[in-house]
Amino acid sequence: MTTRINEMIPVTETGDLLAAVPHLLGFHPGDSLVLLTVDEGSGTPRIGSTLRIDLPCPGQRSGLTDFLLDGPLGRQRPEALIIVVIGRSMSSELCAEHCDDADCCAADAEGESPPHEGLVGVLTRALERAGISIVHALWTEEISQGARWSCYSDPECSGRIADPGSSSVGAAMAAAGSVTFASRAELRELVAPESDTDLARRSARLDALLEQLEDDHDSGRPAADLRAVFAGIERIADGAALTEEDLLRVLLAIADARVRDIVLATAVGERAVAAEQLWLTLVRMAPVPEVADAGALLAFSAYVRGDGALAGAALERVEEARPEHALACLLRHALQAGIPPNELARVALDAAEDARALLHEGGPE
C-alpha cells in the first residue's frame, strides 16, 4: 500500500495511468495484481491507495478475495477500484514459483485472453457483491514505454503505455526526491547488509561499547541515549557525516524500547528526512540482532511517508533477524490491513508520549 504523492496530478489517458503505477508503488512491478482505490465523491475521480500482490495461482483466487475484503479493502472501504494485471499467462513454471501446492497449479486455465481473465472475473464478482464498483480492469505484460494494454470488458479497448520515465506522475515524484526502482529486487538492494566481515567487526565493537556504557547504572542512561540519537539526526540534517562510533552509539540507544518509541515521532517532524536517512544507514551497516530496531524505525518512517514498498523491504530485514520483534509485527499487520499512514502517525505520537512518561522526564526537543 502506498500514497507516495499527495498533490493533484491530472491523468486522463489509460496509457498515462498505467505509466504512473511504478511511481505510485516505488518500483516497476512484474507478475503482479495492482488495485488502485478510487474516490469519486468530489466529482473528479481521485486515486487513493495502491495495493500490489503477487499474481495468484488459479487455486488461490477465492482465498485472495477473502484476504482483500477481510483486510485492506474491508478497512478502507473504497467506493471503486481500478484493477491492473501485470504479467504473462500463468504457466506451470510461473505458478510453481508462487505456489507449493501441486493441485493449486493444476487448476491453471490456459488460453485466457487477456491472460488472467478468470482472476479478474472472480475479483469483480466478489468486490461488486461487497459494494465496490470496478471502474476499469486492465492487462499488460509489463509496464514500459510502448507496451500494449487491453481491457477485460471490451476487446476493442486497447492501447500503448506512455513512457513511465517522462510521465507527469514520474516527474512529480522525481521533483519530490522520490526514487522509482527498476524492480522489487533492486529496491531490496537498498536495504541489503554490507559484507559479513564488516558486520562481524561492528558486532565486536558494539560489545566493547556496551561494556563501557554498562558502568552507568543510574537513571541518566536513557536521557543520554536520547541525546545521542537526536544529535545524530541533527548532524545529518546539517549535512555532516557521522563516524562509525556515532552510528554504533545510536544502535545501542534505540535498543531501549522506550528510546525507540520516543524517536518514532521523528517520522512526522521537521527532521523526518534526516531521521530516515539515519535509519537507512544503520540498516545497511548493523549486525544481527541489532539491525532489527533500526529496520523497524526505517519501516515505520517509510510507511508514514506513504512508501509501503520500502517499508516492506525493511520489515523483511527485521523478520530475518528477529521475527518476534514487537514493532515490526505491528507494522506488518498495518501493511496487510491497509491502515492509512496518518492513523499510524497518531500511534507514533501516542507511543512517544507514553515512553516519555515511563522515563519520568522530557526528552530532547
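In this numbering scheme, every chain counts its residues from 1 along its sequence in written order. Given that the model is predicted, a residue must reach a pLDDT of at least 70 before its local features are reported, and side-chain atom pairs must reach 80 or more before they are shown or counted; all residues, however, enter totals for whole chains, interfaces and linings. Based on all heavy atoms of the structure, the side-chain values leave hydrogens and waters out of the count.

- The name given to the protein in an unreviewed UniProt entry is DUF4192 domain-containing protein, with Saccharopolyspora montiporae as the source organism.

1. Re the pairing of strand β5 (residues 148–151)
Part 1 of the reasoning: Relative to β5, strand β4 (residues 133–140) is paired through three bridges, and the arrangement is antiparallel. Bridge pairing in β5 links W139 to S150.
Part 2 of the reasoning: Paired strands, in this sense, are two strands between which DSSP finds at least two bridges. Strands are runs of DSSP state E lasting at least 2 residues, helices are runs of H or I lasting at least 4, and numbering of each runs from the N terminus. In the sheet, β5 pairs with strand β6 (residues 158–160) via three bridges, with the strands oriented antiparallel. If you follow S150 over to β6, its bridge partner there is S158.
Part 3 of the reasoning: Hairpin connection from β5 to β6: six residues lie between these consecutive antiparallel strands.

2. Points about the state of the cysteines
In protein structure, a disulfide is the covalent linkage between the sulfur atoms of two cysteines.
Part 1 of the reasoning: Here, the term disulfide refers to a pair of cysteine sulfur atoms separated by no more than 2.5 Å. All told, the structure shown has one disulfide when counted by the stated rule.
Part 2 of the reasoning: A sulfur-sulfur separation of 2.0 Å characterises the disulfide bridge that pairs C151 with C157.

3. Concerning the sheet that holds strand β1 (residues 32–39)
Part 1 of the reasoning: As summarised here, the arrangement of the six strands in space is β2-β1-β3-β4-β5-β6, forming an open sheet in which the pairing is mixed. Across the chains shown, the open sheet's two edge strands, defined by having one partner strand only, are β2 (46–54) and β6. For this sheet the average axis-to-axis angle between neighbouring strands, irrespective of direction, equals 20°.
Part 2 of the reasoning: What makes two residues a contact is simply this: any of their non-hydrogen atoms within 4.5 Å. Each axis is a line fitted through C-alpha atoms, taken for helices only over the stretch in contact, and angles between the N-to-C directions span 0 to 180 degrees. Where helix α6 (residues 117–129) meets the sheet, it contacts β1, β3 (80–86) and β4, and its direction lies at approximately 165° from that of β3.

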